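Notes for the structure review
Now for the letters of each chain:
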Amino acid sequence: MSSESKPVTLSLVAPVYNEEDSIGLFLDRLDAVFAAHPEIRLEVVFVNDGSTDATLARLLEAQAADERLRVVDLSRNFGKEAALTAGLHAARGDVVVPIDVDLQDPPELILQMLAKWREGYEVVLGHRIDRRSDVWAKRTSANWFYRLHNRIATPKLPENVGDFRLMDRQVVEALKTLPESCRFMKGVFAWVGFRTATVDYVRPERAAGTTKFNSWKLWNFALEGVTSFSTDPLRIWTYLGFIVSCLSFIVGLIIALRVVLFGADAPGYASIMVSVTFLGGLQLIGIGVIGEYLGRTYLESKRRPIYIVRRVYEADAALQRGEGA
Ligand code: UDP
Ligand code: MG
């Protein structure tokens, strides 16, 4: 195919948070993959998400020797979702690929993604066929999350697909129009739609450093996912309340009948305690769920920006061509 070698500008968007050990490995790997492909004009947008180690210094060192690198330095740690958004806003390529800097998203796969894009797909998902590199607890909880999420939320999330994906410029522009500040990128990505293809890969272990997500963070991430794209957890209480009321009506009837048939009997302490605590718990859960949504509505209503940029480091200004393009 002649279109195989048509030049294309590819933006990689890499959020980094305390990744001083990974950056060098990541860049070496990119060179290894893309050196043989002069038709791919590379731009790497690093978003420094408030790292407290030497990450920024490493990035600037690397940038001094490589004009393809751009560094967006955020004013503090805003979280991966916000950092990714900042990167998407800064990216200029015809196609954009969010990628983790720890090499868990193999850069080689981008070549396959590009081939699919050239076939006319606007989104190409990296699909993990093997999550053995994740611990059992993470795999299982991720499975449960997808199951629950896809049962109650629209649109459905493709399972075992992370942020690693190729997007056409048109898709990125669509993403940029979504104003919400509580961001669950996987959901947002799915929401914009477009013609989608999938390429499979085995997710390797982290190349260096440690994971930035503990279980509490993941739990909150899952809550964000479900509440961002479904209101079912809010609505379920109407039905649960209705069922419980019906049941208590029946129980009341039974008690009244017993009094009529057998006369009043005092014992009943246990059943009262059970229903009081059960209903109390149920109500607290209901209030908690409402709180989850109310809190998000509150945050959203403040209309705060998603991230704050301290500074954008462009490579040597003299090397920059086509600034406004
Ligand atoms: N990351 C970030 N901000 C954060 C947490 C993580 O920018 O607050 C980046 C991190 O540097 C990495 C990517 O997000 O490039 C994925 O993080 P990690 O590898 O720790 O997640 P995991 O692969 O364990 O799910
Ligand atoms: Mg990782």
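Being a predicted model, the structure only gives us computed values, none of them experimental. (Residues numbered from 1 in each chain as written. Chains lettered and ligands numbered in written order. Predicted model: local features only at pLDDT ≥ 70, side-chain atom pairs only at ≥ 80, totals over all residues. Heavy atoms only, no water.)

Okay, the overall build of the protein next. Within the protein, the regular secondary structure consists of 10 helices and eight strands. Taking 325 residues into account, the globule formula puts the C-alpha radius of gyration at 20 Å, and the protein, at 26 Å, lies well above it. Across its three principal axes, the protein shows a C-alpha extent of roughly 95 × 45 × 35 Å. Counting the 325 residues in the protein, one finds 43% classified as buried. In the protein, the share of contacts with a sequence separation of at least 24, taken over all contacts with a separation of at least 6, comes to 84%. For the protein, the exposed area adds up to about 17900 Å²; of that, 62% sits on carbon and sulfur atoms. (Helix = DSSP H or I, 4+ residues; strand = E, 2+ residues; numbered from the N terminus. Rg over C-alpha atoms; globule rule 2.2 N^0.38 Å. Buried < 20%, exposed > 50% of the residue type's maximum accessible area, 1.4 Å probe, protein only. Contact = heavy atoms within 4.5 Å. Areas by Shrake-Rupley, 256 points an atom, 1.4 Å probe, with all protein chains shown as cover.)

What follows deals with the coordination of the magnesium ion (ligand 2). The coordination sphere of the magnesium ion (ligand 2) contains the protein donors Asp-102 (OD) and Gln-104 (OE1), at a distance range of 1.9 to 2.0 Å. Judged by its relative accessible area of 11%, Gln-104 is buried. (Donors = N, O, S within 2.8 Å, 3.2 Å for Na, K, Ca; no water.)

Quick look at the site of ligand 1 now. By nearness alone, 19 residues border ligand 1, and Glu-19, Asp-49, Asp-102, Thr-211 and Lys-212 come closest of all. Considered on its own, ligand 1 offers 540 Å² of accessible surface; in the complex 94% of this is hidden by protein. Tallied by class, residues from the shell around ligand 1 come to five nonpolar, four polar and 10 charged. (Near = heavy atom within 4 Å. Nonpolar A, V, L, I, M, F, W, Y, C, P; charged D, E, K, R; others polar.)

A separate point is the UniProt feature "transmembrane region" (unreviewed entry) in the protein. As recorded in UniProt, the sites labelled "transmembrane region" (unreviewed entry) are residues 236-257 and 269-294. With 100% helix and 0% strand, the stretch residues 236-257 has end C-alpha atoms that lie 32 Å from each other. The annotated region residues 269-294 carries 100% helix and 0% strand content, and the separation between its end C-alpha atoms amounts to 37 Å. (UniProt positions renumbered as here; feature names shortened; annotations may be inferred.)

Let's shift gears to unusual backbone geometry. With a phi close to 50 degrees, Asn-18 is a non-glycine residue in the positive phi region. Within the secondary structure, Asn-18 sits in the loop between β1 (8-16) and α1 (22-34). Overall, Asn-18 belongs to the partly exposed group, its relative accessible area being 22%. Although it is not a glycine, Asn-160 adopts a positive phi angle of roughly 55 degrees. For Asn-160, the position within the fold is in the loop between α5 (136-152) and β6 (161-168). Taking relative accessible area as the criterion, Asn-160 reaches 18% and is therefore assigned buried.

Now for the side chain of Asp-163. By secondary structure assignment, the location of Asp-163 is in strand β6. A residue is classified by how much of its surface remains accessible, and Asp-163, at 11% relative accessible area, is buried. A polar atom in the side chain of Asp-163 sits 3.1 Å from the side chain of Lys-80. Leave out the neighbours within four places in its chain, and Asp-163 touches Lys-80, Glu-81, Leu-84, Pro-98, Met-185, Lys-186 and Phe-189. (Polar contact = N/O pair within 3.5 Å; in protein donor to acceptor, adjacent residues only side chain to side chain.)

Attention now goes to the pairing of β6. By the criterion of burial, β6 is predominantly enclosed, with eight of the eight residues buried. As paired elements, strand β4 (residues 95-98) and β6 share two bridges and run antiparallel to each other. Bridge pairing links Val-96 to Met-167 in β6. Sheet topology places strand β5 (residues 123-130) next to β6; four bridges connect them, and they run antiparallel. Counterpart to Val-124 in the pairing with β6 is Leu-166. (Pairing = 2+ DSSP bridges.)

Our focus in this paragraph is the pattern of salt bridges. For the structure on display, the rule yields 16 salt bridges. Between Arg-70 and Glu-43 there is a salt bridge whose closest N-O contact spans 2.8 Å. A residue pair is termed long-range when its members are at least 10 positions apart, and Arg-70 in strand β3 (residues 69-74) and Glu-43 in strand β2 (residues 40-48) qualify at 27 residues. Look at Arg-70 and you get buried, because its relative accessible area is 6%. Given a relative accessible area of 8%, Glu-43 falls into the buried group. Measuring nitrogen to oxygen at the nearest pair gives 3.1 Å for the salt bridge that ties Lys-80 to Asp-163. Of the two residues, Lys-80 is situated in helix α3 (residues 80-90) and Asp-163 in strand β6; the sequence distance between them amounts to 83 residues. The network of salt bridges with shared partners includes Lys-80, Asp-100, Asp-105, Asp-163 and Arg-203. (Salt bridge = Lys/Arg side-chain N within 4 Å of Asp/Glu carboxyl O.)

For the rest of this paragraph, the subject is the sheet that holds β5. Reading across the sheet, the eight strands line up as β7-β5-β6-β4-β1-β2-β3-β8 and stay open at both edges, with mixed pairing between neighbours. In this open sheet, the two edge strands, each paired with only one partner strand, are β7 (196-202) and β8 (309-313). In this sheet, adjacent strand axes meet at a mean angle of 20 degrees when their direction is disregarded. Pairing analysis gives four bridges linking β1 to β4, with the strands arranged parallel. Residue pairing for β4: Ser-11 is matched across the bridge by Val-96. Each of β1, β2, β3, β4 and β6 is contacted by α3, which is oriented at about 155 degrees to β1, the strand it contacts most. (Axes fitted to C-alpha atoms, helices over the stretch in contact; angles between N-to-C directions.)

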